[in-house]
Amino acid sequence: MNPADLVRLVDRLEDEADGYITLEDVDRVAGADVASAIQEGLLLVDYRTRLDGTPVTLCRLNRRHPLVAELTKW
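Thresholds applied
Residues numbered from 1 in each chain as written. Predicted model: local features only at pLDDT ≥ 70, side-chain atom pairs only at ≥ 80, totals over all residues. Heavy atoms only, no water. Pairing = 2+ DSSP bridges. Helix = DSSP H or I, 4+ residues; strand = E, 2+ residues; numbered from the N terminus. Contact = heavy atoms within 4.5 Å. Axes fitted to C-alpha atoms, helices over the stretch in contact; angles between N-to-C directions. Phe/Tyr/Trp six-rings, centres within 6.5 Å; stacked < 30°, edge-to-face > 60°. Lys NZ or Arg CZ within 6 Å of the ring centre and 35° of its normal. Polar contact = N/O pair within 3.5 Å; in protein donor to acceptor, adjacent residues only side chain to side chain. Expected span 1.5 Å × (residues − 1). Buried < 20%, exposed > 50% of the residue type's maximum accessible area, 1.4 Å probe, protein only.

> What is the right way to read the sheet that holds strand S2 (residues 43-49) from this model?
Strands belonging to one sheet form pairs held by backbone hydrogen bonds; the direction of such a pair is parallel or antiparallel. Read from one edge to the other, the open sheet built from 3 strands follows the order S1-S3-S2, with strand pairing classed as antiparallel. Looking along the sheet, the strands with just one partner apiece sit at the ends: strand S1 (21-22) and S2. Direction of pairing for S1 relative to strand S3 (residues 55-61): antiparallel, over a ladder of 2 bridges. Within S3, the residue paired with Thr22 across the bridge is Leu58. Lying on the sheet, helix H1 (residues 3-16) is in contact with S1, S2 and S3; it crosses S3 at an angle near 115 degrees.

> Even after reading the chapter, I still don't get the packing of aromatic side chains, so can you show me in this structure?
Within a pair of aromatic rings, the relevant descriptors are the distance that separates the centres and the angle that separates the planes. For the structure shown, the criterion picks out 0 aromatic pairs. For Arg48, the ring lying beneath its charged end belongs to Tyr20, and the centroid distance is 5.9 Å.

> Can you help me understand the side chain of Thr72 in this one?
The residue Thr72 is located in helix H4 (residues 66-72) in this model. There is a polar contact of 3.3 Å between the side chain of Thr72 and the side chain of Arg63. Of note is the side chain of Thr72, whose polar atom sits 2.6 Å from the backbone oxygen of Val68. Those residues in contact with Thr72 that lie beyond four places of it in its chain are Val7, Asp11, Leu61 and Arg63.

> Please clarify how H1 should be interpreted in this entry.
Owing to its 3.6 residues per turn, the α-helix aligns residues three or four sequence positions apart on the same side. Look at H1: 20 Å from first C-alpha to last across 14 residues, which is about the 20 Å you get at 1.5 Å a residue. Looking at H1, one finds that the buried residues are Ala4, Leu6, Val7, Leu9, Val10, Asp11 and Leu13. Buried positions along H1 lie against S1, helix H2 (23-30), helix H3 (35-39), S2, S3 and H4. Between a side-chain oxygen at the N-terminus of H1 and the backbone nitrogen of Ala4 the separation is 3.0 Å; the capping residue is Asn2.

> Looking at this structure, how should I read the pairing of S3?
Direction of pairing for S2 relative to S3: antiparallel, over a ladder of 7 bridges. In the strand pairing of S3, Leu44 is matched with Arg60. Between the end of S2 and the start of S3, which pair antiparallel, lie 5 residues, with Gly53 showing a positive phi angle near 95 degrees.

So, in structure tokens, the structure goes:
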């Protein structure tokens, strides 16, 4: 998946989500590991702990990245 398609996909996921989306959600829907998008700064991750004590990695678009800003026009 190219970067522009990934940005559109994650933007759609964020719009449709009732809450936060996880890195696992993004990997699953993208059908690939998105680590390179994280390294390039397209995606940001936050490491959190669920109420039950299990770790979770949240994922979101980096709205300040030029490609994200261009494609999402926030």
